[in-house]
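Spelled out, the chains give:
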Amino acid sequence: MLPYSRQSIDQSDIDAVVAALKSDWLTTGPAVAEFERAFAESVGTHCAVSFCNGTAALHAAMFALGIGTNDEVIVPAMTFVATANCVLYQGGVPVFADVDPDTLLININDVERKITPRTKAIIAVDYAGQPADYRRLAVLAQKYGLAVVADACHSLGGSEKGVPVGSLADLTCFSMHPVKPITTAEGGMVTTNSTDLAQCLRRFRNHGIERDFRQREASGGYAYGMTDLGFNFRLSDLHAALGLSQLRKLRQFTERRTGIARLYRERLAPYAGIIDPLDLRDATVSSGHLFVVRCRTSAKANRDQIFRSLREMGIGVNVHYLPVYLHPYYREQFGHTEGLCPNAEAAYQEILSLPIYPDMEDVDVDYVCRELTSAAMSTQARAAA
Ligand SMILES: *Cc1c(COP(=O)(O)O)cnc(C)c1O
């Protein structure tokens, strides 16, 4: 089976984890500090604070911004559930904005329409790895006094006009799950230039305690104060050691993903109007996390037919995502129904994520394109008959 994405682990990763395992620290220690420094440097921010996963990173970002009961946070409909759930964890209300039909990135005009006196923040998602339009979001944020958070769980390695993802928003949240641009098995990171927000993030991941164990030990004292209701959301040194080793290969991973995406575009170009890759925004570089196409074969039944044919051929296609508000929980809790975000709903009928990961070979891309176009053509012929 060709998966839609997977980790790329080599001997240097294995050696790094084994070395950490033999060190004095297993939990949050020197490897975490070193990983955070290297991560901040790679995205060009003053601070990077690690977490046990991307969802915890998003949750912490909501905490650091002071999101509380009934505060509204605007999120795109087309994303993984964690982008909206993190608002609920803080007692806030996620408000869904539609996406642009060509890129599936949050639609800025719809964001502005959905701002109310209760709106506190916007979370943009770098869908598939491409940065959202943070310049326009910053203008809106300034006008209405809002914070901008990037859910960059797809986009480490991406950039806009040479500015890396991580530096484009007030707070940027990353995931290091195995399918993401680099992996720590499970892990997350928040980057920011604000030392105040970073301090708040650090407290939140450590039970709301102002000083962590290493700092106490270094100072020789025993006293500590819990000032907030935090969580144990820390990353371990084992995970951080893997992250450091992976981070060194980020550029190489991004280049390979970009190469695969280019090959897909070339191979699929003759099928324009039937199989259409998503558009790229000008001056942006995508991390190449997902390669998403729209199957323009009219009905959802047809996309599902193509999906099944490819799965039968050992091609691990996927659908990212059902608009979040159409999940049973959101329907029941908030009464959301079809019609809220028409572009996201229309896209959901047509999208398919094709395999893309650094170790994928060109012949695999050829195979996927052959099977995909043949399934699309026969589905179309059936629909026409
Ligand atoms: C993966 C992902 C998350 C959650 O990250 P975890 O590390 O799995 O908790 C959040 N948002 C988006 C868009 C993601 O793709």
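Residues numbered from 1 in each chain as written. Predicted model: local features only at pLDDT ≥ 70, side-chain atom pairs only at ≥ 80, totals over all residues. Heavy atoms only, no water.

(A) Geometry of the site of the ligand. Near the ligand there are 15 residues, and of these Gly54, Thr55, Asp151, Ser175 and Lys180 occur at the shortest range. With respect to the ligand, the side chain of His154 contributes an N or O atom lying 2.9 Å from an oxygen atom. Between the ligand and Lys180 there is a distance of 2.9 Å, counted from an oxygen atom to a side-chain nitrogen or oxygen. Computed on the free molecule, the ligand has an accessible area of 380 Å², of which 91% lies beneath the protein chains in the complex. Among the elements of the structure, helix H3 (54–64) and helix H4 (82–89) are those that each provide at least two residues to the shell around the ligand. (Near = heavy atom within 4 Å. Polar contact = N/O pair within 3.5 Å; in protein donor to acceptor, adjacent residues only side chain to side chain. Areas by Shrake-Rupley, 256 points an atom, 1.4 Å probe, with all protein chains shown as cover. Helix = DSSP H or I, 4+ residues; strand = E, 2+ residues; numbered from the N terminus.)

(B) Representation of the nonpolar core. With 53 residues, the main nonpolar core has Phe51, Met78 and Tyr127 as its most contacted residues. A total of eight residues in this core trace back to one element, the largest contributor, which is H3. Discounting residues that sit within four places of it in the chain, Tyr127 has contacts with Met78, Thr103, Leu104, Leu105, His154, Leu278, Val292, His320, Tyr321 and Ile351. Ranked by size, the runner-up nonpolar core spans 39 residues in total, among them Tyr134, Leu168, Ala169 and Met189. (Core = buried A, V, L, I, M, F, W, Y, C linked by side-chain atoms within 4.5 Å. Buried < 20%, exposed > 50% of the residue type's maximum accessible area, 1.4 Å probe, protein only. Contact = heavy atoms within 4.5 Å.)

(C) Up close: the sheet that holds strand E10 (residues 275–277). Reading across from one edge, E10-E12-E13 is the order of the three strands in this open sheet, with antiparallel pairing throughout. The open sheet terminates on both sides in strands that have one partner only, identified here as E10 and strand E13 (351–354). Between one strand axis and the next, the sheet turns through 35 degrees on average, direction left out of account. Bridge analysis of strand E12 (residues 291–295) against E13 gives four bridges, and the strand direction is antiparallel. Each residue of the ladder has a partner; that of Phe291, found in E13, is Leu354. (Pairing = 2+ DSSP bridges. Axes fitted to C-alpha atoms, helices over the stretch in contact; angles between N-to-C directions.)

(D) Just empty space enclosed by the protein, in detail. For the coordinates displayed, the defined rule picks out one cavity of 30 Å³ or more. Lining the largest cavity are Arg6, Gln7, Ser8, Pro178, Lys180, Pro181, Ile182, Thr183, Gln246, Phe253, Arg257 and Pro358. Split into classes, the residues belonging to the lining of the largest cavity amount to five nonpolar, four polar and three charged. (1 Å grid on protein atoms, 1.4 Å probe; cavity = no way out; pocket = protein on both sides within 12 Å on 5 of 7 lines; lining within 4 Å. Points joined across faces, edges and corners; volume = space filled by probe spheres on them. Nonpolar A, V, L, I, M, F, W, Y, C, P; charged D, E, K, R; others polar.)

(E) Highlighting the side chain of Gln130. Relative to the helices and strands, Gln130 resides in the loop between strand E4 (119–125) and helix H6 (134–144). One polar contact links the side chain of Gln130 to the main-chain amide nitrogen of Arg281, over a distance of 2.3 Å. Apart from the residues lying within four places of it in its own chain, the contact partners of Gln130 are Thr103, Leu105, Asp279, Leu280, Arg281, Thr284 and Ser286.

(F) Broad picture of the pairing of strand E1 (residues 47–51). For E1, the tally of buried residues reaches five of five residues, placing the bulk of the element in the interior. With burial as the criterion, each face of E1 is covered, one bearing Cys47, Val49 and Phe51 and the other bearing Ala48 and Ser50.

(G) Looking closely at the pairing of strand E5 (residues 147–151). Where burial is concerned, most of E5 is hidden: five out of the five residues are buried. Across the two faces of E5 the burial is the same, with Ala147, Val149 and Asp151 and Val148 and Ala150 all buried. In terms of strand pairing, E4 meets E5 through five bridges, oriented parallel. Residue pairing for E5: Ile122 is matched across the bridge by Val148. Two elements, E5 and strand E8 (residues 171–175), share three bridges in a ladder whose sense is parallel. Bridge pairing links Asp151 to Cys173 in E8.

Just geometry here; none of it tells us what the structure is for.
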